[in-house]
Amino acid sequence: MARAIYPGSFDPVTKGHLDIIKRSSKIMEQVTVAVLENPRKVATYNIEERVKMLMIVTDPYPNVKVDYYKGLLIDYAKNNNINIVIKGLRAMSDFEFEFQMALVNQKLSPSIETLFMMTNNKYSFLSSSIVKEIASLGGDIRSLVPPEVHEIIIGKYQT
Ligand code: PNS
């Protein structure tokens, strides 16, 4: 079995992300969920909050660890002896961008493979941006985010 990285912004983690984490943890020896600390993108939740939420929701899975990285994904992967990148695909609209990223990563590091995992169709509409949009307008996001982090997520939108 292989060691994998599941990278993303996770701003914040959703039930769709957690579904990919659970399913990949069953087929990989170890899965590192890695949050990109991107100085060029303004996040709603800071890096500590995003890592903390991921640590809470992945606690039941002993072969899943959470970390963050700056810079190139493949550099983090190489430095941590990881040879598989897991990406979730929700719809054809995700494909073009993910395909480009996979090809760039393959060019930069041919020994690292990208594997795409289809979303559970229950979550094909779901994204962190949708969660934030609904929460900011006072809607109920309980069916969209793991219950353990619901309070932390809505905390940003309560006055
Ligand atoms: O959740 P996101 O924002 O779609 O995740 C995108 C992410 C973080 C996986 C991707 O942007 C990334 O790994 N960036 C790090 C920089 C990098 O490696 N770029 C080369 C691939 S184009």
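Structure first, text after, so check above.
Residues numbered from 1 in each chain as written. Predicted model: local features only at pLDDT ≥ 70, side-chain atom pairs only at ≥ 80, totals over all residues. Heavy atoms only, no water.

S.K.: When you look at helix H4 (residues 92-108) in this model, what are you seeing that I'm missing?
M.R.: Quick reminder: α-helices carry 3.6 residues per turn. Residues three or four places apart thus point the same way. The terminal C-alpha atoms of H4 lie 25 Å apart, and with 17 residues this matches the ideal 24 Å at 1.5 Å per residue to within 8%. For H4, the elements touching its buried residues are helix H3 (73-79), strand S4 (84-89) and strand S5 (113-118). (Helix = DSSP H or I, 4+ residues; strand = E, 2+ residues; numbered from the N terminus. Expected span 1.5 Å × (residues − 1). Contact = heavy atoms within 4.5 Å.)

S.K.: I tried to follow the sheet that holds strand S3 (residues 64-69) on my own but got confused; where do I start?
M.R.: Adjacent strands of a sheet pair through backbone hydrogen bonds, lying either parallel or antiparallel. The parallel open sheet is built from 5 strands, whose spatial order is S3-S2-S1-S4-S5. Looking along the sheet, the strands with just one partner apiece sit at the ends: S3 and S5. Direction aside, the axes of adjacent strands within the sheet are offset by 30 degrees on average. Contacts from helix H1 (residues 15-27) reach strand S1 (3-8), strand S2 (30-36), S3, S4 and S5 within the one sheet, and its direction differs from that of S5 by about 120 degrees. Helix H2 (residues 47-58) rests against S2 and S3 of the sheet, and its axis sits at about 170 degrees to S3. (Pairing = 2+ DSSP bridges. Axes fitted to C-alpha atoms, helices over the stretch in contact; angles between N-to-C directions.)

S.K.: What should I look at first to understand the site of the ligand in this one?
M.R.: The full set of residues close to the ligand is Pro7, Gly8, Ser9, Leu36, Lys41, Tyr69, Gly71, Leu72, Leu73, Lys87, Met101 and Asn105. At 3.4 Å from an oxygen atom of the ligand is found a side-chain nitrogen or oxygen belonging to Lys41. Here an oxygen atom of the ligand sits 2.8 Å away from a polar atom, N or O, in the main chain of Leu73. Contact with the protein chains covers 72% of the free accessible surface of the ligand, which is 550 Å². When contributions to the shell around the ligand are tallied by element, the ones reaching two or more residues are S1 and H4. Among the residues making up the shell around the ligand, the classes are represented as 6 nonpolar, 4 polar and 2 charged. (Near = heavy atom within 4 Å. Polar contact = N/O pair within 3.5 Å; in protein donor to acceptor, adjacent residues only side chain to side chain. Areas by Shrake-Rupley, 256 points an atom, 1.4 Å probe, with all protein chains shown as cover. Nonpolar A, V, L, I, M, F, W, Y, C, P; charged D, E, K, R; others polar.)

Everything listed here is a matter of coordinates, which is why it stays silent on function.
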